[in-house]
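# Inside the fold
Each chain, written out:
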Amino acid sequence: MSTTLTVYSGRNENLVGPLLEQFGNDAGIDIQVKYGGTAELAATILEEGANSPADVFYAQDAGALGALQAENRLAALPDAILNTVEPRFRSPQGQWVGTSGRARVVVYNTESVTPADLPPSILDFTDPQWKGRIGWAPTNGSFQAFVTAMRVTLGEEQTRAWLKGIKANEPKVYPKNTPTVQAAVDGEIAVGFVNHYYLFRIRAEQGTVPAENYFPPNGDLGSLINVAGAAVIAGSKNQAAAEQFVTYLLSQQAQKYFATETYEYPLAHGVAAHPDLPALSTIQTPEIDLGDLADLRGTLQLLQEVDLI
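The geometry of helix α7 (residues 177–186) relative to helix α8 (residues 197–206) is characterised by a closest axis approach of 9 Å and an angle of 65° between their N-to-C directions. Of the two possible hands of crossing, α7 and α8 adopt the one that is right-handed. Side by side, α7 and α8 meet where N177, T178, V181, Q182 and V185 of the first sit next to Y198, L199, I202 and Q206 of the second. Here the residues of the contact of α7 with α8 are counted per class, giving five nonpolar, four polar and no charged.

Structure representation (structure tokens):
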């Protein structure tokens, strides 16, 4: 009888479904996948407690992994898995590992904005010169993880002030990253706060478009690199298969899939990013422990307080 592995995936089925199916076929493992929002699935695992059928949590961002780690719901991973990636992309406590990198950027319309027009920090977009020219997606999980990073780095007051400052500039609101990037491409907005890879997906579908990504320099929060990552659930009855799955996500095959199919950054040593992307080592990211981005509840409360969600 083949082993059955249950994966709770906060990553979209269209994005990673083929990869997970390939793992099942290659490993001879019956893989059952429950798809959903990352925060929603993390909450489900906590509610299910020791009775959770999940063997693996495959999350869209590190914050949800940190939340489960804080509640002792994750098992320790072997060093052989953890050492596949740089320390900044894994749990300092060894309980989760990043599998692909996702940079925050400012996408801009090249017909209305030049690189010289762009400020050195994401914080500077509160300047009135950007009034009516910004797009963002306050309900999007990646944006909320970014706000959590801002709270961790700058504190509640400065984060509240930034949110209010951007709101005063009357930004256009979108449900998620893709329409925000498309709005920049179409010239509906001058700049948008998004993840880096959406522009590349639009280019793959539409060819050359009048938009580029801007990585704010000098370790600015606007260039935060979060990770999609995976962890084995504490008490899993299929721990060996669960670790095999996490190892697979860091294999050359899977890492090249992320580079070429999703335009994310491979994190395993020795796998190159897509040639159109700036090298990961050249992006000046803020110094932050991604595991500290666990307080999504506090971020949602702040966004509600300033009437953004």
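So much for the structure itself; the text now carries on.
Once that is clear, we can look at helix α1 (residues 13–27). With 15 residues, α1 extends 20 Å from end C-alpha to end C-alpha; this agrees with the ideal 21 Å at 1.5 Å per step. All of the buried residues in α1 are L15, V16, G17, L19, L20, F23 and G24. Trailing α1 by a residue or two, G28 shows a phi angle of about 70°, which is positive.

Before going further, it helps to spend a moment on empty space enclosed by the protein. On inspection of all chains with the given rule, the structure shows two cavities of 30 Å³ or more. Lining of the largest cavity is provided by R102, R104, S142, A145, F146, N195, L224 and N226. Put simply, the parts of the chain that give the lining of the largest cavity at least two residues each are β4 (97–109) and α5 (141–154). Residue composition of the lining of the largest cavity, by class: three nonpolar, three polar and two charged. Of the voids in this model, the second largest cavity is the one considered here, and its volume is about 30 Å³. Lining the second largest cavity, in full, are R104, V105, I122, F146, F193 and G222.

Parameters at a glance
- Residues numbered from 1 in each chain as written.
- Predicted model: local features only at pLDDT ≥ 70, side-chain atom pairs only at ≥ 80, totals over all residues.
- Heavy atoms only, no water.
- Axes fitted to C-alpha atoms, helices over the stretch in contact; angles between N-to-C directions.
- Helix = DSSP H or I, 4+ residues; strand = E, 2+ residues; numbered from the N terminus.
- Left-handed = near helix turned anticlockwise from the far one by under 90°.
- Contact = heavy atoms within 4.5 Å.
- Nonpolar A, V, L, I, M, F, W, Y, C, P; charged D, E, K, R; others polar.
- Expected span 1.5 Å × (residues − 1).
- Buried < 20%, exposed > 50% of the residue type's maximum accessible area, 1.4 Å probe, protein only.
- 1 Å grid on protein atoms, 1.4 Å probe; cavity = no way out; pocket = protein on both sides within 12 Å on 5 of 7 lines; lining within 4 Å.
- Points joined across faces, edges and corners; volume = space filled by probe spheres on them.

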